[in-house]
Amino acid sequence: MYTGRQKGSATWILRLESGHKEQVHHGRAIHRIRDLLSFARSLAFDFYLAPLFGSSLSKVAGLVGDRWFFGRVRWMVDEARARKPTPAAGRASGGGGWRRAAVRTWMLRVGSSFLIWTAVVQLTSVWQPRLPRSWPAACLDRRSAGTNATVDLSVIGGEEHGLSGSRSSPPALLPRRIYKSNGYLKVSCNGGLNQMRAAICDMVTIARHLNLTLVIPELDKTSFWADPSDFGDIFNVNHFINSLRDEVKIIKAIPKKFSSKIRTEPFTMPPVSWSSEKYYLKQILPLVRKHKVIHFNRTDARLANNALPLRLQKLRCRINYEGLRFTPEIEALGDKLISILRRSGFFIVLHLRYEMDMLSFSGCTHGCSDKETEELTRMRYAFPWWKEKEIVSDKKRLEGLCPLTPEETALVLRALGFTRDALIYIASGEIYGGERRMAALRASYPKIVRKEMLLSAKELRPFQNHSTQMAALDYLVSVASDVFVPTYDGNMAKVVEGHRRYAGFHRTIVLDRRELVELLDLLQDGKLSWDQFSTAVKEVHKNRMGQPTLRKVIPGRPKEEDYFYANPQECTGPFKHQI
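In the annotation of an unreviewed UniProt entry, the chain is listed under the name O-fucosyltransferase family protein and assigned to Ensete ventricosum. You can read under Sequence similarities (unreviewed entry) in the UniProt record for the chain the words "Belongs to the glycosyltransferase GT106 family."

Shown next, in the form of structure tokens:
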């Protein structure tokens, strides 16, 4: 028998042991809940937050989530303890009843907290919260990490905008379009960088329209420039494939299931120039179904500028401005060039198309010596694919079909109002005649620079003897410039003009060479004063500054109408937001 003091001591010991067991029980429960929530949190972050935030931000968010989860658990356990009934009430309601009620309560709250957290994560995938400006723009935008993350093309007014951007995590893959392929399309592009760029856009569009599988295009290695670069030396192959996978399947090579003869010598033909989508459906698709593999050996201007379905026109834009991204090496060096120029403030890109190949091809020899004229003529006859041989230079110049000379360009820039201290980047190859022909332009604008002046020889060494890759650097700078002025409407001038329109109608001065030649000759002959000349030049070009406009359509004469890639109005005007 226990005395009263002994009974009290025994009761105190039992309560102490019971409290210790209860603490151990709660500690084990917390650890079990911690393990459960850690597992649930890892699932939530792996499947939802990693694609949204990237690995580094996910870790930070994970720590925040852990502290929130387990703080809630501890609070609920403490609250359950505080609600513990007296021993008498416990005995009256049945031993352990309060524990079951408490466990049910905080388990319900844990589940509710987890569901709320999951709902918040899911919500971020469809609702884009307004972030601080210091946060990367693609943190919460899963859609922008797909095809639109390559370029911020909504900047208007010449502010700095990169054509590329480094991301902390790779973009989420678009869902692959599932379709039964009608065959394989191989293409061999011809021409320079921008002619091939436009052709690639057309070929992808054709492959999508005919439900074909496109093989990575081959680039021209036999033209005047003799550049040995492959597609992957200029463009980002993986991005090209993945950014368009929801439209068309693109592969790197013909599958081995076909015989080597079919893979190396498929049915080859040049499609008809400026053709509509109906031509490809009626004439080309039956050939693909018959031969399984078809090879286009000419790709320049093989798709019409106008009268195509809106969805195909918009696809051409998407391929050009989102699917075709230069290699990381080219983009990094292009970004450096842009950054150097931006540090000086406002800058102009002058596409001075006065290289030897241009003058020889066009037959434009105004300002050249007799020896230079003979050299250019011999070169024109040496290249069989330049069909026009006998050319009267003066007549062609008066028709506005010749590039402006460096001397003429200096006068036009001054007449347009560009001051002597303007920073001008020359986007072109080697100027024919060298510094002798550049003297007048440099005298008017001393701050003339080229990429060779802004970058070291070591930085440019990987791109030397690769004219197409060097042209890609000029392309990036041209699109990013405050003002773009081409002296001839060649492929680069047109494609850059269209890109700048798509980017927000940045200022592009499209020179009217026919009017300018007449005004320049009048000035030279003393029939116009400088003020009259300057006023006339500004008047001629007041509506040629890259403003929104409709393409000129000339039925039956596609060469004379406006080029689609110079003014992709379906992607910039009232059709922009239509599907």
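Q: I'm lost on the pattern of salt bridges in this one. Help?
A: Any two side chains of opposite charge can pair, so long as their charged atoms come close to each other. By the definition in use, this model includes 25 salt bridges. The partner of arginine 316 in a salt bridge is aspartate 202, and the shortest N-O contact between them spans 3.0 Å. One end of the pair, arginine 316, is in helix H10 (residues 310-323); the other, aspartate 202, is in helix H5 (residues 193-209), with 114 residues separating them in the sequence. Considered together, arginine 316 and aspartate 202 belong to a single accessibility category, that of buried residues. When the shortest N-O distance is used, the salt bridge between arginine 397 and glutamate 408 registers 2.8 Å. Separated by eleven residues along the polypeptide, arginine 397 in helix H14 (residues 393-398) and glutamate 408 in helix H15 (residues 406-416) bring together distant segments of the chain. Classification of arginine 397 by relative accessible area gives buried; the value is 9%. Among the charged side chains, a salt-bridge network with shared partners connects Arg208, Asp246, Glu247 and Arg318.

Q: What is the right way to look at unusual backbone geometry in this model?
A: Backbone geometry at asparagine 211 places phi at a positive 55°, although glycine is not the residue there. Looking at the element boundaries, asparagine 211 is found in the loop between H5 and strand S2 (213-215). The backbone phi angle of tryptophan 274 is positive, close to 55°, even though this residue is not glycine.

Calculation rules
- Residues numbered from 1 in each chain as written.
- Predicted model: local features only at pLDDT ≥ 70, side-chain atom pairs only at ≥ 80, totals over all residues.
- Heavy atoms only, no water.
- UniProt positions renumbered as here; feature names shortened; annotations may be inferred.
- Salt bridge = Lys/Arg side-chain N within 4 Å of Asp/Glu carboxyl O.
- Helix = DSSP H or I, 4+ residues; strand = E, 2+ residues; numbered from the N terminus.
- Buried < 20%, exposed > 50% of the residue type's maximum accessible area, 1.4 Å probe, protein only.

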